[in-house]
Structures are given as structure tokens and as C-alpha cells.
Amino acid sequence: MAIGELVPGVAAGRLSPDKYAENFSDLHAPLDAHEALVAADRCYFCYDAPCVTACPTDIDIPLFIRQIATGTADAAGITIFSQNILGGMCARVCPTETLCEETCVREVAEGKPVQIGQLQRFATDHLMAQNAHPFNRAADTGRRVAVVGAGPAGLACAHRLAMHGHRVVVYDGNAKAGGLNEYGIASYKTVDSFAEREVSWLLEIGGITIESDKKLGGDLNLAELTDRFDAVFLAIGLAGVNALGASGQGKAGVRDAVDFIAELRQAESYAQVSIGRDVVVIGGGMTAVDAAVQAKLLGALNVTLVYRRSRERMNASRFEQDLAAAKGVRIITNAAPVEISGNAAVESISFEYMDDDLTPMGEIFTLRADQVLTAIGQTLGATDLPSLTRGRIAVSQDGRTSVANVWAGGDCTGLGDDLTVTAVAQGRDAAEDIHRALGA
Amino acid sequence: MANLQSDFIGIKSPNPFWLASAPPTDKEYNVRRAFEAGWGGVVWKTLGLDPHIVNVNGPRYGAIWGADRRLLGLNNIELITDRPLEINLQEIKSVKRDYPDRAMVVSLMVPCEEDPWKFILGKVEDTGADGVELNFGCPHGMSERGMGSAVGQVPEYIEMVTRWVKSHTRMPVIVKLTPNIADIRGPAAAAHAGGADAVSLINTINSITSVNLDHFAPEPMIGDKGAHGGYCGPAVKPIALNMVAEISRTPELQGLPISGIGGVTTWRDAAEFITLGAGNVQVCTAAMTYGFKIVQEMISGLSQYMDEKSFTSVDQLIGRAVPNISDWQHLNLNYVAKAKINQDLCIQCGRCYAACEDTSHQAIAMSDQRVFTVKDDECVACNLCVNVCPVEACITLEPMAEGTVDPRTGKVVDPTYANWTTHPNNPASLTAAE
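Residues numbered from 1 in each chain as written. Chains lettered and ligands numbered in written order. Predicted model: local features only at pLDDT ≥ 70, side-chain atom pairs only at ≥ 80, totals over all residues. Heavy atoms only, no water.

## Here's the deal with the overall build of chain B
In step 1: A tally of helices and strands in chain B yields 12 helices and 22 strands.
In step 2: Here chain B has a C-alpha radius of gyration of 25 Å; the compact-globule value for 434 residues is 22 Å, and the two agree.
In step 3: For chain B, the spread of C-alpha atoms along the principal axes amounts to about 75 × 60 × 45 Å.
In step 4: Scored against the burial criterion, the 434 residues of chain B give a buried share of 51%.
In step 5: Considering only contacts in chain B between residues 6 or more positions apart, those separated by 24 or more positions represent 69%.
In step 6: Accessible area for chain B stands at about 20,000 Å²; split by element, carbon and sulfur atoms hold 52% of it.
In step 7: Side-chain charges in chain B split into 35 positive and 49 negative, and the spacing between the mean points of these groups amounts to 5 Å. (Helix = DSSP H or I, 4+ residues; strand = E, 2+ residues; numbered from the N terminus. Rg over C-alpha atoms; globule rule 2.2 N^0.38 Å. Buried < 20%, exposed > 50% of the residue type's maximum accessible area, 1.4 Å probe, protein only. Contact = heavy atoms within 4.5 Å. Areas by Shrake-Rupley, 256 points an atom, 1.4 Å probe, with all protein chains shown as cover. Lys, Arg positive; Asp, Glu negative; His and termini not counted. Charge placed at Lys NZ, Arg CZ, Asp CG, Glu CD.)

## A closer look at the pairing of strand β7 (residues 278-282) of chain A
All names here are of chain A.
In step 1: Counting buried residues in β7 gives five out of five residues, a clear majority hidden from the surface.
In step 2: Direction of pairing for β7 relative to strand β8 (residues 302-306): parallel, over a ladder of five bridges. Directly across from D278, in β8, lies its bridge partner N302.
In step 3: Read as a crossover between parallel neighbours, the route from β7 over helix α15 (residues 286-297) to β8 is right-handed.
In step 4: As paired strands, β7 and strand β13 (residues 371-374) are joined by four bridges and run parallel to one another. When the sheet's bridge partners are listed, V279 is paired in β13 with Q371. (Pairing = 2+ DSSP bridges. Right-handed = clockwise from strand over helix to strand, strands pointing away.)

## Quick notes on empty space enclosed by the protein
Residue and element names in this part refer to chain B.
In step 1: Tallied over the full model, the rule gives seven cavities of 30 Å³ or more.
In step 2: Taken as a whole, the largest cavity encloses approximately 420 Å³ of empty space.
In step 3: Elements represented by at least two residues in the lining of the largest cavity include exactly β4 (41-47), β6 (71-76), β8 (131-135), β14 (229-232), β16 (278-283) and α9 (285-290).
In step 4: Take the lining of the largest cavity: its biggest share by element is three residues, from α9. (1 Å grid on protein atoms, 1.4 Å probe; cavity = no way out; pocket = protein on both sides within 12 Å on 5 of 7 lines; lining within 4 Å. Points joined across faces, edges and corners; volume = space filled by probe spheres on them.)

## Considering the layout of surface pockets
All names here are of chain B.
In step 1: Considering only enclosed or pocket space, the second largest pocket measures out at about 700 Å³ in volume.
In step 2: What lines the second largest pocket is a set of 25 residues, among which L333, N334, Y335, V336 and R408 lie closest to the centre.
In step 3: By residue class, the composition of the lining of the second largest pocket is 14 nonpolar, six polar and five charged. (Nonpolar A, V, L, I, M, F, W, Y, C, P; charged D, E, K, R; others polar.)

## Examining the interface of chain B and chain A
In step 1: If you look at the interface, chain B gives 14 residues, while chain A gives 11 residues.
In step 2: Between chain B and chain A the total buried area reaches about 1,000 Å² when both faces are included, carbon and sulfur atoms providing 64% of it.
In step 3: Taken together, the connections running from chain B to chain A amount to zero salt bridges.
In step 4: Our count for the chain B to chain A interface comes out at five residue pairs in polar contact (both at pLDDT 80 or more).
In step 5: For the side of chain B that touches chain A, the leading source of residues is helix α11 (residues 351-359) of chain B, giving three residues.
In step 6: Taken together, the residues of the side of chain B that touches chain A sort by class into seven nonpolar, three polar and four charged. (Buried area = accessible area lost by both parts, 1.4 Å probe. Salt bridge = Lys/Arg side-chain N within 4 Å of Asp/Glu carboxyl O. Polar contact = N/O pair within 3.5 Å; in protein donor to acceptor, adjacent residues only side chain to side chain.)

## Structural notes on the nonpolar core
In step 1: B:F17, B:W39, B:L47, B:V175 and B:L201 are the most contacted members of the largest nonpolar core, which has 82 residues in total.
In step 2: If one sorts the elements of this core by residue count, helix α10 (residues 294-308) of chain B sits on top with seven residues.
In step 3: Among all residues touching B:V175, those that are not within four sequence positions of it are B:L134, B:F136, B:I158, B:T162, B:A191, B:A196, B:A198, B:V199 and B:S200.
In step 4: Residues A:V147, A:L161, A:A195 and A:L438 belong to the second largest nonpolar core, which totals 44 residues. (Core = buried A, V, L, I, M, F, W, Y, C linked by side-chain atoms within 4.5 Å.)

## Comments concerning the packing of helix α14 (residues 257-266) of chain A against α15(A)
Residues and elements named next belong to chain A.
In step 1: It is the contact of α14 with α15, at a shortest axis distance of 9 Å, that shows an interaxial angle of 50°. Taken together, α14 and α15 sit at an angle that is classed as oblique. Our pair here, α14 against α15, has a crossing hand that is left-handed. In contact with A257, V258, F260, I261 and L264 of α14, α15 contributes T287, D290, A291, Q294 and A295.
In step 2: Here the residues of the contact of α14 with α15 sort into seven nonpolar, two polar and one charged. (Axes fitted to C-alpha atoms, helices over the stretch in contact; angles between N-to-C directions. Parallel < 35°, antiparallel > 145°, perpendicular 65-115°, else oblique. Left-handed = near helix turned anticlockwise from the far one by under 90°.)

## Section: the sheet that holds strand β11 (residues 205-207) of chain B
All names here are of chain B.
In step 1: If you walk across this open sheet you meet the four strands as β5-β6-β14-β11, and the pairing is antiparallel. Strands at the two margins of the open sheet, each flanked by one partner only, are β5 (61-65) and β11. Each strand axis lies, on average, 35° off the axis of its neighbour in the sheet, ignoring direction.
In step 2: Here three bridges tie β11 to β14, and the two strands are oriented antiparallel to one another. Directly across from N206, in β14, lies its bridge partner G230.

## Quick look at the packing of aromatic side chains
What describes a pair of aromatic rings is the distance from one ring centre to the other and the angle between the planes of the rings.
In step 1: Per the counting criterion, the structure on display carries 13 aromatic pairs over all chains.
In step 2: Look at A:F24 and A:Y270: their rings are 4.0 Å apart centre to centre, the planes differ by 10°, and that puts the pair in the stacked class. In this pair, A:F24 is assigned in the loop between α1 (17-23) and α2 (33-41) and A:Y270 in the loop between α14 and β7, connecting sequence segments 246 residues apart.
In step 3: A relative accessible area of 4% places A:F24 in the buried class.
In step 4: Aromatic side chains B:F35 and B:Y99 sit 5.1 Å apart centroid to centroid with 50° between the ring planes, which places their arrangement in the tilted category. Highlighted residues: B:F35 in helix α1 (residues 28-37) and B:Y99 in the loop between α2 (85-98) and β7 (103-108), separated in sequence by 64 residues.
In step 5: Classification of B:F35 by relative accessible area gives buried; the value is 2%.
In step 6: On the accessibility criterion, B:Y99 (11% relative accessible area) is buried.
In step 7: The cationic tip of A:R92 hangs over the ring face of A:F194; the distance from NZ or CZ to the ring centre is 3.6 Å. (Phe/Tyr/Trp six-rings, centres within 6.5 Å; stacked < 30°, edge-to-face > 60°. Lys NZ or Arg CZ within 6 Å of the ring centre and 35° of its normal.)

## Topic: the pairing of strand β10 (residues 198-201) of chain B
Residue and element names in this part refer to chain B.
In step 1: Of the two faces of β10, the one holding A198 and S200 and the one holding V199 and L201 are both buried throughout.
In step 2: Relative to β10, strand β9 (residues 173-176) runs parallel, the two sharing three bridges. What sits directly across from K176, in β10, is S200.
In step 3: As paired elements, β10 and strand β15 (residues 258-261) share three bridges and run parallel to each other. Residue pairing in the sheet places S200 in a bridge with S259 of β15.

## Describing a nonpolar patch on the surface
In step 1: Judged by side-chain polarity, B:I208, B:V211 and B:L213 come together as a nonpolar surface patch covering roughly 310 Å² of accessible area.
In step 2: One can find B:L213 in the loop between β12 (210-212) and β13 (217-219). (Patch = residues over 30% accessible without salt bridge, like charges linked within 9 Å, V, L, I, M, F, W, Y side chains within 5 Å.)

Structure, rendered in C-alpha cells:
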């Protein structure tokens, strides 16, 4: 039934159902109770712990690990969720190797940090398995807030506002809530529909209505929202994509990596997702790695990730780079695309070597390609917004925009590192600021 | 490799590591395995009179654990052997015959009357055993019947029974002491007065290791009830070391041989007991945790240590630390030290800071870059930072040189020795008024 990896062109159903299941299983199997105790025992309960400082949401990591170690994983879950309501997803997708675990004193001392991400997953999974939302909503304040975008920033903001008793309507342009958690993260990082389950669990706080398929600039406009609501929080993410800047990018087989990942995430079965035999991914961030690895897992024979600068400059962490290499992705650095060739469909793509200052070196090479996935950065791609700075919505630390009663957070602002966890932090902090403003 | 040959009150063994009277020495099968593994001797699990006692049919042990479930303390409610006397005696004879070079000591516990002691001693002598150990220590079960620690807590009984035993046997007699008393010197002196050839200590400590918070009962639970047990393992070592030291440094007890027991887990623990005056050591919990093979590490470790220190026999190590055991009142109050943090080893966890700042003398500074340094003008050299630091040898206590000024007190470090007995703040100062 499987057509195999050698068939040229872009094709679906390359692998057997078993192989797909194996390839897309949990990247890191969750810790069992014993493993969690052993891992928790390694935490030194540092004073003013560096891991907490490194966490964008300031989760009290030594405390939750001690709670796990003393047999109270649900209390640990509450410690995590009270800072980061998407702590379950963050436990799966955070680049812990560049955040909490990088600064863990045991990483410094032994090169082997406490498994903070895995322990966070243990605690959050444990609490979520109780099927009871751990927080209560305050008495209804009668205040109404519109949140535009149901990604991590929007959901975190909505939840915190709901906790404070405000009524929240969350608008999202997609059919499902979750944003990049639902559409944009590699499948093997969030197995068993975790993103969807997490949203349902989060909404149990009450007071939040989700209205899907509604976009700013489409069904919604900012002026109308500010009229109808006491406050507005914009968490619209980055809907646009950067152009490749190489000729021939209109050819069949060239597509945006974000769309590819979204298709994969929403597919009913992996066998339905078409993938090339010779896939070239262009970019150096998490999206590029997620696309390249998943192309390989879908049965592409050759996957090459090409980045225009050096390995050190890649936004994807070293762990992600190594993951890609381990899965068989070839990484080429210091090369920028020049021309995509082929008749109707892409057949090859040529690159020119560049030095670290992006000065072309005058040497060109060509890769065979029947599919090209571009992941070279996203743009705001929306209008009718408050003032921008460097292409993103300009905000204060509390998320206030240039428009009165309008806050913003997440990737659509230039505040953070475009990580799930920074989006959560901004959503939460904006909610607190909105709450203060509404109480004034 | 150093010679570990041991001669304890005339009982010879190839090394000073014996298995204590306990479950590991209850049967021929176990003891043969122990000797094959290399143990120098055993104290056979306590024999009593028939009809033999019975044990509970539920859990006998409770425990506490450290990181990674490392067993730190074990307690038990097991009684003396629950097998017929004759079977034990036959097995003892059989094993001793096959392992003539190993020490075979038999632990005994019978009621506090002369005839039962006379009866059982005759039986033991017939086995060819090397000696007997009188179990005056078990703190649970048997003590409710007037035996074990019920005897060990009354010095008069200890002396009386020891005297009986000595008069009815030619075998060397070791008296095993209970730690469940206020002052170990009393029972030790009573054993000495009764003619004991040696004392062994400590037996287990009265304990409840945990409480079941669902059923509200001490653990281990027999059905819905629990009883206190006897505590042993690494956690009791400090208590045992002190009791051994108390006996060693008592002038009236000089020359009373000691078999050291209590949490011996490694060669180092054994060496510590020996330096405090023990002639050999007995081990139980470590074997019950890791199996008999651990004796190989004890043998190789003690040998290496002795080679490094140029000791050629274990006897040279016995009691070497005893002259340095002092009372507090004789400690030198002019000795001044300061904690020092090795920045190359520091992993910046800040535990020293939390401990000192929250619970001690606010003598550690923390910079914005998480560099931790000792404030010499506040440090009293309490050692807490050393003890809470997860990195060995990262923080050390460094003595201040004579003649330097202690920035905390502003006083010059005085090279002369001066203790509390002569301190001006001591109302009972021995310094005579001029």
C-alpha cells in the first residue's frame, strides 16, 4: 500500500500506517512516576534560582519540583499553571535547553540539567488528568474584553481576565482555537490532540466565548471592537510570510512551511499529506526544523535544510539542529537561494554561498528538489492596527498600544522571542494590566 | 595489600567484618553465602528456647529514604529466630565445621533465670562455635516478655546474667547493648563487672519510621495497627559512634573490647568505628540493602586506606581517634576559622546563601552575577554552608593564622590554648582570683 520513499515527485502515502505511527509518536516519552521522583531528586532547590529567572513566565521551578518530590504532583501543577496556564504545552515545546535547563546549576556543574521540561509535563499532565479545572472565576465584574487571536497569548490573556471575573470574547480567524499550538508546532511535540484538549481544559474557567473564523480586517475592525468592549487585546500573531527573493518561486512544489505544517497538523491521517522525494527547506528557525524533520518523517528520501548564515546564527536551538540531523536532515549553512528551476513544477534549486555578513561568494550549487518549503520568517500581514515599530505592533512592557484601551501581545508585537512561553507571559501580563485599568 | 586478619577477644577471623545477629544470619544457607562472599565472621541470629517464637505474617520492616530512594534507615519488628533450637544448632555446627577460619558467634536470648542460660550454653558449646553474644538489646516484642532491651536497660540484670553466663561457659562472651538508655556507660560498666569479654553496640533504636496518612497508623502496618520497631542503617551511625566513643574514653572501661555496630555501610564507616575503639565491626542493614558482595569493597577499601597510612595490622588503627575525643568545655576557644568558597568549584546554587541568610549569621554575600562570597566580618565558622553545599570541598573552613586579626571580633588570633573552664564569662571559671 505504501508507495515508498523512492517515488519521485510530491506524493502522499509513502509509508505504512505503522511507520507513520512510529515516526510521529511522542518525541520524548513522558516520565513515569518513578522516573519523575528520580529526576526531581536531582533539583538542589537553589536560592533565587537561575531557572526561574530564565523562564519567561517566572514559574517557581524549584517549588514545583519539590512538590513532585514530596508526592504532591497536583500541587506542583497548580504552581505551574498559576504562572503559565499553557504550562502543559510549554512543557512540550519550550526550548528548555536555551531557557531554564540551560541555566540549571547542574547543567553548569555536570552538563546534565535537571529535566525541568519533562518534570513540568509530569505535573501538568497529572493535574489535567484529574478532569477538574484548578482555578475559580471571581464574581462577574460585568466588564467585557475582546481578545483577537486564540493562540497562546490570546488564551493566556483570556484565562487571566476570566479569573478576574471579566467576560471575554475570543475571536480567531481559524476554525479551531489554539493558534500555532494547533496549527504550527511539529506534530511529534504535541501528540494525542493535546493542543485541542488543552484549550477545552483552559476554557473550563468559564466566562470565555470563542468565536472562530473571524479576522481583523475581515469581519472585525478595531474601532468597532473598542466601541463594543471595555478593552481589546490583540494577539493576532504573524499571518504574512516573507518572500523568498529567488526567481521561480511561483512554480508548483514551492510552498510555505507554515502552511505545510498546518496541513499536517489538521490532516486526518499522515498518509493523506503529500511530500516530495527530494525536499529542500529554506530557513534557520524552529519552523524550518519542524518542517524539515516532519518531511523526513513523512517519507521524503532526501531532506536538506539550507540557511543563509552560519549554524551559530540559526534561531533553532542546538538541540533542534541535532534533532534534525539525527532524523536524517542534511543541514547546509551560508547559502542563499538564487533560482528555482523546472518547467511547471520545481525540479531543482540553486544557491549561492554567502559569508556571515551575507556577502555573496560567487559560488553557486544546485540541489535536486521536487518540493521546496520556505520558512524564512513571518510578517504581521494585517492592517487596521495601532502604531507599529519594526513591522510589529508597538507596545509598552504591559502590552499597551498606541490606541487607548487596546493592548497587544505575542508574536504580533516585537516584545519577545516569538516563543509560546513568551506569548503566554505577555498575554498574562497584559490581562493583569487590563484588569488594573478596568478597576480604575 | 594490608593484612586485615583480626583477633577479637581470641576469636580469629580473616577480616574484621562480621555480619550482625539479624535476618542475614538466621540460616545455614544465608551464612554459607556470606562466607563465600568473604565475610570474616557472623553472629548467628539470636537463639531462644523452644517452643520457638513466631513472627508476624505481615510487613516486618519500615524505612526512610534519601535521594533516588537510597535507603538511609530501616526499622524492624522481627523477633529472634523463629526456627526450632535444634535445627539452628545443627546448622551452626555444620557451617563452622566447613569454615573453620571464620568467626562463628552465637547470639542468645533466654529468660532472666540461670537455668535456661546454663541449658542453652551447653548446647552452643557442642556446636564448636567460637563465642556467644548476649542479646540485651532488642527493643521490640521480646522486651515485652522481659528479655532483650528489658534486660539491657537495667545494669543490675546485665551484670547478673553476664556473671551466670561466664560461670557456665568457657566461650568468650560478648554483651550486646541497647542504645535505648540515657547513658551507655552504665550498661557497659555492668557488663564489664559481670565479666564480659567484650561489649557490642549498638542494637536498634526504638522508632516509628512513618505514619500512614490514609489509615492513620504507624508503618509498617499489620492490618490496621503498627508497633514501634528497632531502627538501624546509615541514619543511626552517628548515635552508635558516640556511644562507642563514650565507652572508649571512660577510664574505668579501658581495655573492654568493643564490637562496633550501627550503620556500617562502607569501609570508611568501619574504619571510623575502629578508630573510636572498636576491635571489629558488625554489619546488617548494608548487607540487607545491597547483598553480601559489599564486603569486597569493605575489604579492598580498608586495605587501601591502611596501605596509604602505612598500617600493617588492624590493631594499629584501633582507638587512634580516642585521645582526640574531648568534652566541649575543653575545646580551644582561641581557635578561629572562616568559611571560604572556591569560586572555581561553585555552581552558584545559592544554598549556602539561603542557609546563612535565613537561618544563621548573614555572613554570605550574593552579587548580581550570583557570585557568593563569605563576609569574614560576620562569619562565625559554623560550618552550615559547608554542610548544605551540594559540591564536595567547594566550601571549606580555613583556620586563621596566629597573629592575624579576626575581622568579626577585631581581636588578634591568640596562639595560646584557652577553653571555657578559664573563660571570664564562665561563672565557675577555674582561674583563681589573683
